[in-house]
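Take a look at the letters that make up each chain.
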Protein chains: 2
Amino acid sequence: MKRMLLTISYDGTAYHGWQVQPNGITVQQTLQDSLERLLGERIDVTGCSRTDAGVHARRFMCHINCADNFPETAFLKGLNSLLPNDISVIDCKQVAPDFHARYDAKGKKYIYSMYVGELNPFYSRYMLHLEKMPDIDLMNKFCQGILGTHDFAPFSCSKRTVEDTVRTITECIVKIKDNILTFEITGNGFLYNMVRILAGTALAVGQQRLNPKCYEEIFESRDRSKAGDTLPAFALILDEVYY
Amino acid sequence: MKRMLLTISYDGTAYHGWQVQPNGITVQQTLQDSLERLLGERIDVTGCSRTDAGVHARRFMCHINCADNFPETAFLKGLNSLLPNDISVIDCKQVAPDFHARYDAKGKKYIYSMYVGELNPFYSRYMLHLEKMPDIDLMNKFCQGILGTHDFAPFSCSKRTVEDTVRTITECIVKIKDNILTFEITGNGFLYNMVRILAGTALAVGQQRLNPKCYEEIFESRDRSKAGDTLPAFALILDEVYY
């Protein structure tokens, strides 16, 4: 037995998120089905996180246990030939037998993308459309304010299942290139819907519907209703996982 | 009555091409359905060309006849709010009553896109994946050779319905940017599958499976089987229509 770490990339549009669930096809299930066809046995795949329905991933990490004679190079080609075009395996390497894709993750980076101006059906699959350019400086003031360690409960969905809602954000910045705006955030972990609510709050700040210092009152009051909207999932991508 | 020229943009993945047909949803039908919901009456939409199933368009042109009091600005917003996200109306302007989106088109530009190297599910919806970079110089020698006026019958599908198979190509070039390669072609008209077969022949040249001067023998013999493969539709985009 050896443990392998897979790097996969997927367009999440067609999937009900990562994790296997009764209603709807998920990325995990699709990957396990293809692995079963390739290897002739059912293998459990353990992912680095549960991404929501419709969320994409540029570099999603997951681990599997497999036989020692597992043919690594043939494996990549074979698995990609069985997977649908919206899921690709990018890399596969052996890790320590006790390595865990989820528990050993030290941090993750997410990117929320928006585009401004003329409608573009090639963008609208992956980015939120905005009529007007928001104020980027105001957005970045908000982003600076949420850096560090805070209780992010008011920036998460009440349906969350975890007890400890304290997280540390090490990077949060809004970048602009041509008419594309990206909200980029790195932290040691994220609560349910946390990135989408933070991006929604940053957008509300950029559109001058909220004050750039609104985070002070939100952190203090722990009141979800004072933060911005939960932006839609389709414009969110898990960019990278750090170990 | 006035005639309006619409510029639309669409991701063709989900559609059986432009033209209304009995088996499968088309872009024309989807547009006519949304127009009917908006205007309360069935309006015929005349397109600039029939794009194949799965082909995309950055700037597709079509005309409609509508009432003189037709509200142009409200129309764009209203129509886009009714259309699915993979079709957008970009522009709408009045043209002469005898203007025809198809017959008045003087030329069209198509782009066939490919990417090289690591699989990328965000590219694979719109670009053909290549393992290795082909020889761009060889490809451009082939592209130079097909410029001008020729009988393109051997570069078209035998299911074509037109009699006159002579077309004029004014621009044909392969460009490369990072790991993305585009085959860009402009001409006064294109036969059924012509762009996909020319791109397939250019690719075969770049992979040294065909000689850069193969067009000489293909034009002379009029033998479709001497040209390259018909590349898949999903990586083809109608870029622009010229009037």
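Remember, predicted model here, so these are calculated numbers, not experimental data.

## Structural notes on the domain arrangement of chain A
Where the parts come together, the accessible area they lose is often given as the size of the interface.
Residues and elements named next belong to chain A.
Next up, step 1: Partitioning chain A into structural domains gives domain 1 (2-95) and domain 2 (107-242).
Next up, step 2: Computed over C-alpha atoms only, the centres of domain 1 and domain 2 are separated by 28 Å.
Next up, step 3: The interface is formed by 15 residues belonging to domain 1 together with 15 residues belonging to domain 2.
Next up, step 4: For the pair domain 1 and domain 2, the two sides together bury roughly 1,200 Å², of which 52% comes from carbon and sulfur.
Next up, step 5: Its largest share of buried area at the contact with domain 2, domain 1 owes to D52, H56 and R58, together 41% of the area lost on that side.
Next up, step 6: In this assembly, domain 1 and domain 2 are joined by 4 salt bridges.
Next up, step 7: Measuring nitrogen to oxygen at the nearest pair gives 2.7 Å for the salt bridge that ties D239 to R58.
Next up, step 8: Summed over the shared surface of domain 1 and domain 2, the result is 8 residue pairs in polar contact (both at pLDDT 80 or more).
Next up, step 9: The residue makeup of the side of domain 1 that touches domain 2, split by class, is 6 nonpolar, 5 polar and 4 charged.

## Description of the pattern of salt bridges
Residue and element names in this part refer to chain B.
Next up, step 1: Counted according to the given criterion, the structure contains 26 salt bridges over all chains.
Next up, step 2: Put simply, D223 and K226 hold a salt bridge, and the shortest N to O gap is 3.8 Å.
Next up, step 3: Here K226 falls in the partly exposed class, since its relative accessible area comes to 31%.

## Considering the packing of aromatic side chains
Next up, step 1: Counted according to the given criterion, the structure contains 24 aromatic pairs over all chains.
Next up, step 2: Ring centres of Y126 of chain A and F122 of chain B lie 5.5 Å apart, and the angle between their planes is 80°; on these two criteria the pair is classed as edge-to-face. Residue Y126 of chain A is found in the loop between strand 5 (107-116) and strand 6 (128-130), and its partner F122 of chain B is found in the loop between strand 5 (107-116) and strand 6 (128-130); the two belong to separate chains.
Next up, step 3: Both rings, one in F152 of chain A and one in F155 of chain A, keep their centres 6.2 Å apart while their planes meet at 50°; by these two values the pair is tilted. Across this residue pair, the class does not change: F152 of chain A and F155 of chain A are buried.

## Quick look at the interface of chain A and chain B
Next up, step 1: In this complex, chain A contributes 24 residues to the contact, which on the side of chain B involves 24 residues.
Next up, step 2: Taken over both partners, the interface formed by chain A and chain B buries close to 1,700 Å², and the fraction arising from carbon and sulfur atoms is 59%.
Next up, step 3: It is L119, P121 and F122 of chain A in chain A that bury the most area against chain B; as a group they hold 35% of the surface buried on that side.
Next up, step 4: Viewed at the interface, chain B and chain A are joined by 4 salt bridges.
Next up, step 5: Across the salt bridge formed by E131 of chain B and K77 of chain A, the nearest N and O atoms sit 3.9 Å from each other.
Next up, step 6: In this assembly, chain A and chain B are joined by 4 residue pairs in polar contact (both at pLDDT 80 or more).
Next up, step 7: The biggest single contributor to the side of chain A that touches chain B is strand 3 (residues 56-66) of chain A, with 4 residues.
Next up, step 8: For the side of chain A that touches chain B, the residue count by class is 9 nonpolar, 7 polar and 8 charged.

## A closer look at the pairing of strand 8 (residues 166-177) of chain A
Residue and element names in this part refer to chain A.
Next up, step 1: Alignment of strand 7 (residues 148-151) against strand 8, held across 4 bridges, turns out to be antiparallel. Looking across to strand 8, one finds that H150 is bridged to R167.
Next up, step 2: Relative to strand 9 (residues 180-187), strand 8 runs antiparallel, the two being bridged by 8 bridges. From the neighbouring strand, V174 faces strand 9, where its bridge partner is F183.

## Describing the packing of helix 3 (residues 136-145) of chain B against helix 4 (residues 194-206) of chain B
Helices that pack against each other are described as a pair by the angle of their axes relative to one another and the distance between those axes.
All names here are of chain B.
Next up, step 1: Where helix 3 contacts helix 4, the axes come no closer than 7 Å and their chain directions differ by 140°. Overall, the two elements helix 3 and helix 4 adopt an arrangement that is oblique. When the axes of helix 3 and helix 4 are compared, the crossing they make is right-handed. Residue-level inspection shows L138, M139 and F142 of helix 3 in contact with helix 4, the latter providing L198, T201, A202, L203, V205 and G206.

## A look at the relation of the copies chain A and chain B
Next up, step 1: When chain A is fitted to chain B, the residual RMSD is 0.0 Å, and the transformation amounts to a turn of 180° plus an axial shift of 0.0 Å. The transformation just described matches what one would write down for a two-fold rotation axis.

## A look at unusual backbone geometry
All names here are of chain A.
Next up, step 1: We note that D178 has phi near 50°; this positive angle belongs to a residue other than glycine.
Next up, step 2: Examined against the element boundaries, D178 turns out to sit in the loop between strand 8 and strand 9.
Next up, step 3: Note on D178: relative accessible area 70%, which makes it exposed.
Next up, step 4: Look at N193: it is not a glycine, yet its phi comes out positive at around 70°.
Next up, step 5: As for its position among the elements, N193 is in the loop between strand 9 and helix 4 (194-206).

Calculation rules
- Residues numbered from 1 in each chain as written.
- Chains lettered and ligands numbered in written order.
- Predicted model: local features only at pLDDT ≥ 70, side-chain atom pairs only at ≥ 80, totals over all residues.
- Heavy atoms only, no water.
- Domains from an automatic or database assignment.
- Contact = heavy atoms within 4.5 Å.
- Buried area = accessible area lost by both parts, 1.4 Å probe.
- Salt bridge = Lys/Arg side-chain N within 4 Å of Asp/Glu carboxyl O.
- Polar contact = N/O pair within 3.5 Å; in protein donor to acceptor, adjacent residues only side chain to side chain.
- Nonpolar A, V, L, I, M, F, W, Y, C, P; charged D, E, K, R; others polar.
- Buried < 20%, exposed > 50% of the residue type's maximum accessible area, 1.4 Å probe, protein only.
- Phe/Tyr/Trp six-rings, centres within 6.5 Å; stacked < 30°, edge-to-face > 60°.
- Helix = DSSP H or I, 4+ residues; strand = E, 2+ residues; numbered from the N terminus.
- Pairing = 2+ DSSP bridges.
- Axes fitted to C-alpha atoms, helices over the stretch in contact; angles between N-to-C directions.
- Parallel < 35°, antiparallel > 145°, perpendicular 65-115°, else oblique.
- Left-handed = near helix turned anticlockwise from the far one by under 90°.
- Least-squares fit on C-alpha atoms with pLDDT ≥ 70 in both.

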